[in-house]
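Chain residues, written in single-letter form:
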Amino acid sequence: MPEATYHFPKGFLWGTATAAHQMEGQNINNNWAEWENQPGRIVEGQKAGLAADWWGGRWQEDLQRAYDSGQNAHRLSIEWSRIQPEADRWDDKALQVYVEMVRWLVNHKMTPLVTLHHFTDPLWLVETGGWENGATPALFEKFVRHVIPALKDYVNLWVTINEPNVYIMSGWVGGPFPPGKNNLGLAAKVVVNMIKGHAFAYKAIHELQPEAQVGIAINYRSLKAARSWFLLDHIPTKIQNQLYNNSFTDTLVDGKLNLVFKKVNIPEAAHTQDFIGVNYYSRDLVKFNLFNPGEMFGSRFYPKDAPLSATGFIADVPEGMFDALKWAHRYNIPIIVTENGVEDNKDILRPRYTIEHLHQIWRAVNFNWRIKGYFHWSLVDNFEWERGWTQRFGLWGLDVETQKRIRRPSVDLYEAICKENGISSEIVERFAPEIREKLFPGI
Ligand code: BGC
C-alpha cells in the first residue's frame, strides 16, 4: 500500500499520441516526402523512410504494447494523401487500414481519438496552393466526409486539425516546415482558411455522426514576461500570446478572428468546438527587443533554471502545464491533453518530466476543471519533422535500421501510473526519487 497517492477521476483516458507521417513510413505522396528530398531541409539529410513501419503492419504490435502496459486510449492520425491520392481518386483500401486500427483499439477497450490533419498535405493539394487557396477548406470537408462514415462506428473523438499555430508559424513565418515561406500576409490567409476548414469539418462530422465530440489540438506555449516589473516585456508577451495561443480557439467561440493587426469575421466558425485539445511542452520567457520586429519586438528564451531536454529543444517547466489548463478552462468545455512529452533518448529526464506534468494536471483536475484524459507524446520514437531522428520522444525507443523496439524505464513508469490511475509516492520513489520530497513533502 503506497503512503500517498494523487488519484485521477474514474474513467480518465490514459494514452499515447502518434501521427501518420511520423509513424507509418512509405508516405511518398505528401508535401513532407517532397520536402525531405530537398537538400538542407532536414537535419543531416534524414528522411522518414520506413518510420516506425506502421504501414508495413507494425501498428498492431505497437498498439499491443500500449494495451499491455495499461493504456486505455490512443490518439492517431489519418494521412489524407493515402485516402485521396489524387484530387479525383479515392483509395478505400488505405481507408480500410485505418478502420482496422480503430477497430483493434475498440476491441481492446481502448478509446480512439483520431486526428484528421496532422501537418501533412497531399501533393495534388499543394500544387493548387494548399491552405493558401480559398478552395481548400471545402476540399478538406470533402475528405472528412469520406472518412467519417467508415470510422464512425468506432470513433467518437475527433481532432480536425493538429496545431494549426505550429503548422502556420513553421510554414509561413520563416520556420522549418514546408512551404518554407516568410510572408505574414499569406500566413493570415492560411489562418482564415484553416479555421474555415475546421468549421466545415466540424459541421460535416456532426451531420454524419451527431453524437461525435469534435475539437482541435492547439500547441499552447506558456509565455511570461521575462521581467515582470518591466512594462515593455509585457507588450510582446501579450501580442504573441494573442497570436499564438488565443487567436484560433477564440474564433471557434464567436467567429471573430483577432490577429491584433487584422480582424476577420468568420461567422461559420462560431460554436464549433465540443472539447479542446491541449498540447503542452514548454514555457518561454519574453524580453523586449527593439531589433526583433518579426517576433513582435520580443525575444523568447527558456527560464535559466529549467532542466533542458537532450538536445535543448524543450525546457522542463511543469507549472506551464497548469497555465495551459487554466487557459483551456476558460472555454468551459471538456479538456483533453492531446500531447505532452520530452525528447530524451537516454530516458533521464522523461520520468521526472512526466510525473511533474501529470501532477500539475492532477492539481487542475481538483479545481474541477473538466480534464478528461492525457496522451503522452509518444508511444515509440518517430520521425521528428525537420529534426529527423535526432530527437527521441518515445516511451519505447526505436532502432530505425532494424525496427527493433527498446523498452525504456518510462514504459514501466507510465504503466504504473495508468494502472494506478494516479501517481503514488511509491511510483515516484521508484522512478524519480529526486522529486519525491517535492511531490510528497514530509511523507
Ligand atoms: C507535434 C508533433 C511533434 C511534437 C514534438 C508537436 O508540436 O504535434 O507532431 O512530434 O510536437 O516535436
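1. Description of helix α10 (residues 231–254)
The end-to-end C-alpha separation of α10 is 30 Å, well short of the 34 Å expected for 24 residues at 1.5 Å each. The sharpest bend along α10 comes to roughly 60 degrees, located at N246. Directly after α10, the chain includes G255, whose backbone phi takes a positive value near 75 degrees.

2. Observations regarding the packing of aromatic side chains
Taken as a whole and judged by the stated rule, the model has 28 aromatic pairs. When the ring of Y281 is compared with that of F393, the centres are 6.0 Å apart and the planes differ by 90 degrees; the resulting orientation is edge-to-face. In this pair, Y281 is assigned in strand β9 (residues 276–288) and F393 in the loop between β12 (371–376) and β13 (396–399), connecting sequence segments 112 residues apart. Taken together, F8, F12, W14, Y374 and Y414 form an aromatic cluster joined through their ring pairs. Over the ring of F322 we find R363, and its NZ or CZ is 4.0 Å from the ring centre.

3. Remarks on a nonpolar patch on the surface
Among the surface-exposed residues, L231, L232 and I235 lie close enough to one another that they form a single nonpolar patch of about 280 Å² accessible area. Assignment of secondary structure puts I235 in helix α10. On the basis of relative accessibility, which here comes to 43%, the residue I235 falls in the partly exposed class.

4. So, the site of the ligand
In the neighbourhood of the ligand, 14 residues make up the surrounding shell, with Q22, H118, E163, E339 and E384 lying closest. Taking E339, its side chain carries an N or O atom lying 2.9 Å from an oxygen atom of the ligand. Here an oxygen atom of the ligand and a side-chain polar atom of R387 are 3.2 Å apart. Relative to its free-state accessible area of 310 Å², the ligand is covered by the protein chains to the extent of 95%. Here the residues of the shell around the ligand are counted per class, giving six nonpolar, four polar and four charged.

5. Description of the pattern of salt bridges
Summed over the entire model, instances satisfying the criterion amount to 29 salt bridges. R405 is paired through a salt bridge with D62; the nearest N and O atoms lie 2.7 Å apart. Separated by 343 residues along the polypeptide, R405 in strand β14 (residues 404–407) and D62 in helix α3 (residues 54–68) bring together distant segments of the chain. For R405, a relative accessible area of 10% puts it in the buried group. In this structure, R283 engages D323 in a salt bridge whose closest nitrogen and oxygen atoms are separated by 2.9 Å. On the criterion of sequence distance, the pair formed by R283 in strand β9 and D323 in helix α11 (residues 319–329) is long-range, its members being 40 residues apart. Note on R283: relative accessible area 13%, which makes it buried. Since its relative accessible area comes to 16%, D323 is described here as buried. Connected through shared salt-bridge partners, D53, R58, E61, D62, R65 and R405 make up one network.

6. Considerations on the nonpolar core
Counting 121 residues, the largest nonpolar core has L151, W158 and I361 as its most contacted members. Per element, the largest residue contribution to this core is 12 residues, and it comes from helix α9 (residues 184–208). If we ignore the near neighbours within four places in the chain, the residues touching L151 are I78, L95, V99, V102, V114 and W158. Listed in part, the 18 residues of the second largest apolar core include A19, F275, V342 and L349.

7. Some points on the layout of surface pockets
In this approach a probe as big as a water molecule rolls over the atoms, and the regions it shows empty are the leftover space. Reported here for the largest pocket is a volume of approximately 1,300 Å³. Residue lining of the largest pocket: 46 residues in total, with N165, V166, M169, S170 and Y244 positioned closest to the centre. Those elements giving two or more residues to the lining of the largest pocket turn out to be α8 (164–172), α9, β6 (213–225), α10 and β9. Ranked by the residues each element gives to the lining of the largest pocket, the list is headed by α8, at six residues. Here the lining of the largest pocket is composed, by residue class, of 25 nonpolar, 11 polar and 10 charged.

Criteria and cut-off values
- Residues numbered from 1 in each chain as written.
- Predicted model: local features only at pLDDT ≥ 70, side-chain atom pairs only at ≥ 80, totals over all residues.
- Heavy atoms only, no water.
- Helix = DSSP H or I, 4+ residues; strand = E, 2+ residues; numbered from the N terminus.
- Expected span 1.5 Å × (residues − 1).
- Bend = angle between axes of the 7 residues up to and from the residue.
- Phe/Tyr/Trp six-rings, centres within 6.5 Å; stacked < 30°, edge-to-face > 60°.
- Lys NZ or Arg CZ within 6 Å of the ring centre and 35° of its normal.
- Patch = residues over 30% accessible without salt bridge, like charges linked within 9 Å, V, L, I, M, F, W, Y side chains within 5 Å.
- Areas by Shrake-Rupley, 256 points an atom, 1.4 Å probe, with all protein chains shown as cover.
- Salt bridge = Lys/Arg side-chain N within 4 Å of Asp/Glu carboxyl O.
- Buried < 20%, exposed > 50% of the residue type's maximum accessible area, 1.4 Å probe, protein only.
- Near = heavy atom within 4 Å.
- Polar contact = N/O pair within 3.5 Å; in protein donor to acceptor, adjacent residues only side chain to side chain.
- Nonpolar A, V, L, I, M, F, W, Y, C, P; charged D, E, K, R; others polar.
- Core = buried A, V, L, I, M, F, W, Y, C linked by side-chain atoms within 4.5 Å.
- Contact = heavy atoms within 4.5 Å.
- 1 Å grid on protein atoms, 1.4 Å probe; cavity = no way out; pocket = protein on both sides within 12 Å on 5 of 7 lines; lining within 4 Å.
- Points joined across faces, edges and corners; volume = space filled by probe spheres on them.

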